[in-house]
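Chain by chain, the residues run as shown.
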Amino acid sequence: MAGHSPSIDSKKLWGGGSSPFNVSYGKIMMWFFLVSDAFSFSGLLISYGFMRHRFEEVWPLAEDVFTHFPFMHGDHPLLYVALMTFILIMSSVTMVLAVEAGHRMDRKKVIVWMAWTIVGGLIFVGSQAWEWSHFIHGTELGALQLADGTIVQWLSDAKDSFLIPGGREVSGAEALAAIQTGTEVYGANLTVNEYGLPAFGDFFFFITGFHGTHVFSGVVINFIIFVNVLKGTYEKRGHYEMVEKVGLYWHFVDLVWVFVFTFFYLV
Amino acid sequence: MDFDRTKEYVNHHSEEEGKSMRKTIWIIFWVLLAVTTVEVSLGLAWKDLGLAWSFVKWTFIILTLVKAYYIVAYYMHLKHEYKNFIYMVAIPYIVLIVYLIILALNEAIFIHDTDVLM
């Protein structure tokens, strides 16, 4: 009843008028969502920063961990993640080109650029899967976990001496005794990681996993909008604002990666 | 009654406007690519160049903020929204995050310095 109660003077009601800030409802809500999502990612990255400073001397460095590149042997730190960054920036460009084409009601171009954006997103997710698989499987040499839980790195392939994080080298009889009570560790999971502190693995899985989930859902949403473009839904509607909204989300995903790249891989 | 009034806020562009927008998009792309290239090369070469780590670290952080600015301002089009809209999005975020960064890192360094593990 209250909904259409005649007792409220219609002059007191807000007639609607124009939307605040001259931005449509949907776009404002997308921005609100992105701000709240930015808080989540910032929280994760800042807590990573906390641990990084807390365990300054013993924290594993990403450049010692992620050194692989497909079809290449040896150490290639940063190259693979640089390639991933390039792919994501590229897909951001194709996305903004799709939005631009939408402003001109150029359906054909929207289709082309959205298709490329989806391809870029899929390549990125695939690259991340490849990196996860390498991190989970670890190196051939592995590492040693001492009886007290500390991870130490082998100093030789013979596995008779090791380096304690912080800088002390152990060999000879002392090493032998420690090796007997310790266990060998290969790769990484949520409880142990051959590169050092388990928290490093946890943060890697959570931050890149949370971001990867965003990329994946971005690809799915882009695909849905892409199908709508193909069907001519927005042509009928008279505007391509939905492309703009998913575009905002997609650029946000790229933006987060810019920060993950710096604070996880560079600093 | 039509509740979806989105139409009123959508900008349609002419061919001419589209052309200049595409030019801006590609310029920003080259900026982002150049900054990323500088970051990666610096990450690979700073030890050989004999640079101080703190200098390299702050260069990374500043370049990251530059990239973030270009993505948000141009690709997400925030620069061309109403000023009050920009403030509404940016100010709460920046204030709270700067506060959290100072709080968390300050605390981390304090714990690191007082509770020596190894």
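Just above sits the structure.
Calculation rules
- Throughout this description, residue numbers start from 1 for each chain and increase along the sequence as written.
- Chain letters start at A and ligand numbers start at 1, both assigned in the order the entries are written.
- For a predicted model such as this one, the threshold for reporting local features is a pLDDT of at least 70, and the threshold for listing and counting side-chain atom pairs is 80 or more; totals across whole chains, interfaces and linings nevertheless cover every residue.
- Excluded from the side-chain calculations are hydrogens and water; all other atoms, namely the structure's heavy atoms, are used.
- Here a helix means four or more residues in a row that DSSP labels H or I, a strand means two or more in a row labelled E, and each is numbered from the N terminus.
- The length a helix should cover is 1.5 Å for every residue beyond the first.
- Only protein chains enter the area calculation, which uses a 1.4 Å probe; residues under 20% of their type maximum are buried, those over 50% are exposed, and those in between are partly exposed.
- Contacts are assigned to residue pairs that have any heavy atoms within 4.5 Å of one another.
- As a working definition, buried area equals the accessible area (1.4 Å probe) given up by two parts on being put together, with both sides summed.
- Salt bridges, as used here, are contacts in which a Lys or Arg side-chain nitrogen is within 4 Å of a carboxyl oxygen on Asp or Glu.
- By the criterion applied in these results, polar contacts are pairs of N or O atoms within 3.5 Å in which, for protein atoms, one can donate a hydrogen and the other can accept it, and in which residues neighboring in sequence qualify only through two side-chain atoms.
- Each residue is assigned to one of three groups, with Ala, Val, Leu, Ile, Met, Phe, Trp, Tyr, Cys and Pro labelled nonpolar, Asp, Glu, Lys and Arg labelled charged, and all others, Gly among them, labelled polar.

Engineer: Which residues make up helix α3 (residues 79-103) of chain A, and what are the values?
Structural biologist: Residues and elements named next belong to chain A. End to end, α3 covers 37 Å across 25 residues, agreeing with the expected 36 Å (1.5 Å per residue, within 8%). By the criterion of burial, α3 is predominantly enclosed, with 21 of the 25 residues buried. Phi turns positive one or two residues past the end of α3, at methionine 105, with a value near 55°.

Engineer: Let's hear about the interface of chain A and chain B: which residues, and what values?
Structural biologist: Listed by partner, the interface residues are 59 residues for chain A and 59 residues for chain B. Roughly 5500 Å² is buried in total at the junction of chain A and chain B, and carbon and sulfur atoms are behind 76% of that figure. The three residues of chain A that bury the most area against chain B are A:Phe21, A:Trp31 and A:Arg54, which together make up 13% of that side's buried surface. The partner of B:Glu81 in a salt bridge is A:Lys27, and the shortest N-O contact between them spans 3.8 Å. The tally of links between chain A and chain B comes to nine residue pairs in polar contact (both at pLDDT 80 or more). Among the elements of the structure, α1 (25-54), α3 and α8 (241-266) of chain A are those that each provide at least two residues to the side of chain A that touches chain B. Looking at which element gives the most residues to the side of chain A that touches chain B, the answer is α1(A), with 14 residues. Broken down by class, the residue content of the side of chain A that touches chain B amounts to 33 nonpolar, 16 polar and ten charged.

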